[in-house]
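Chain by chain, the residues run as shown.
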Amino acid sequence: MPSIAIVGAGPGMGLAIARTFGSRGYDVALIARNRAKLDDLVGRLTAEGITAAAFPADVRNHDALTQALKDAATRFGGIDVLEHSPAPSIASVNLTSPSQTSPSDVQGWIDFLLCSAITATQAVLPAMREAGAGTLLFTNGAGSVDPIPMLGNVNPAQAALRNWALNLHKELAGTGIQAAHVAIGVWIGAGGPPEIPTAEAEDIAPLYWDLHTQRDEAERVFTG
């Protein structure tokens with residue numbers, strides 16, 4: 001069976017993407033820091049007839065992330081699709097405006113978004129190159145495309161991830177490996193600020209399948 005590894009899996013986009021691919025016959029490897037939350041997701045997917053397994057790892061721990069992906073590849077006989085979408089809890093996020101941003105305010109986001117994406121890619125890309133097939137999908141905020149002053153420390157890291165992912169798409173052209181960037185410009189689910197448009201994760205997830213199967217786009221921007 002083909003497989004997808006979801007880095008940063010949670011009950012929102014991660015679960016929706018897992019269902020999108022799992023309902024089409026893909027085994028699902030879920031990677032995130034919290035074992036209990038991963039086990040809950042595995043239970044929900046298993047109840048829907050989807051084969052899934054948890055591989056706990058903090059995305060900022062490069063060795064642990066690499067090992068989790070290696071373990072997932074061993075469990076499922078390889079990784080055909082990598083989806084990268086780590087997101088911190090809202091309560092833990094420290095936001096700064098551009099003029100009030102220090103280097104340390106950005107560095108943590110660079111490690112969390114860009115460096116974890118690079119690490120995850122390095123863990124799965126050699127096998128994809130050998131097979132001449134694979135998909136690499138990187139989820140980001142729309143501030144990577146059109147920055148917002150209140151996200152002055154987050155947007156530079158998002159833009160760096162976008163730049164790297166688009167460049168990876170160019171490098172891998174003609175190899176059989178698809179790399180693409182997804183920029184989400186809505187609040188996912190309920191409870192967001194009233195001025196920001198909302199959407200359900202289930203409405204966004206199908207575009208990941210489109211990028212995986214159509215294999216010619218470097219980017220999709222979802223704004224509702």
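What you see is a predicted model; the values in this text were computed from it and never measured. (Residues numbered from 1 in each chain as written. Predicted model: local features only at pLDDT ≥ 70, side-chain atom pairs only at ≥ 80, totals over all residues. Heavy atoms only, no water.)

(A) Local environment of the sheet that holds strand β6 (residues 177-184). The seven strands are arranged β3-β2-β1-β4-β5-β6-β9 in an open sheet whose pairing can be described as parallel. Looking at strand neighbours, the two that pair on one side only are β3 (52-54) and β9 (219-222), the edges of this open sheet. Pairs of neighbouring strands in the sheet enclose a mean axial angle of 15°, with direction left out of account. Across four bridges, strand β1 (residues 3-7) lies against strand β4 (residues 81-84) in parallel orientation. Paired with V7 across the two strands is H84, which belongs to β4. Sheet strands touched by helix α7 (residues 206-214): β4, β5 (134-141), β6 and β9. Its angle to β6, the strand with the most contacts, is close to 155°. (Pairing = 2+ DSSP bridges. Helix = DSSP H or I, 4+ residues; strand = E, 2+ residues; numbered from the N terminus. Axes fitted to C-alpha atoms, helices over the stretch in contact; angles between N-to-C directions. Contact = heavy atoms within 4.5 Å.)

(B) Representation of helix α2 (residues 35-47). When the terminal C-alpha atoms of α2 are compared, their 18 Å separation across 13 residues agrees well with the 18 Å that a helix rising 1.5 Å per residue should span. Along α2, the residues classified as buried are L38, L41, V42 and L45. The arc that holds every buried residue of α2, seen down its axis, measures 100°, which confines them to one face. Turned more than 90 degrees from where α2 packs its buried face, A36 and A47 sit exposed. In this structure, the buried side of α2 is in contact with α1 (13-22), β2 (27-31) and β3. Directly after α2, the chain includes G49, whose backbone phi takes a positive value near 85°. (Expected span 1.5 Å × (residues − 1). Buried < 20%, exposed > 50% of the residue type's maximum accessible area, 1.4 Å probe, protein only. Arc of directions from axis to C-beta.)

(C) Structural context of the pairing of β5. Counting buried residues in β5 gives eight out of eight residues, a clear majority hidden from the surface. Of the two faces of β5, the one carrying G134, L136, F138 and N140 and the one carrying T135, L137, T139 and G141 are both buried. Note: β4 against β5, four bridges, orientation parallel. By the bridge assignment, E83 is partnered in β5 with L137. As judged from the eight bridges shared by β5 and β6, these two strands associate in the parallel manner. In the strand pairing of β6, L137 is matched with A180. For the crossover from β5 across helix α5 (residues 155-172) to β6, the handedness is right-handed. (Right-handed = clockwise from strand over helix to strand, strands pointing away.)

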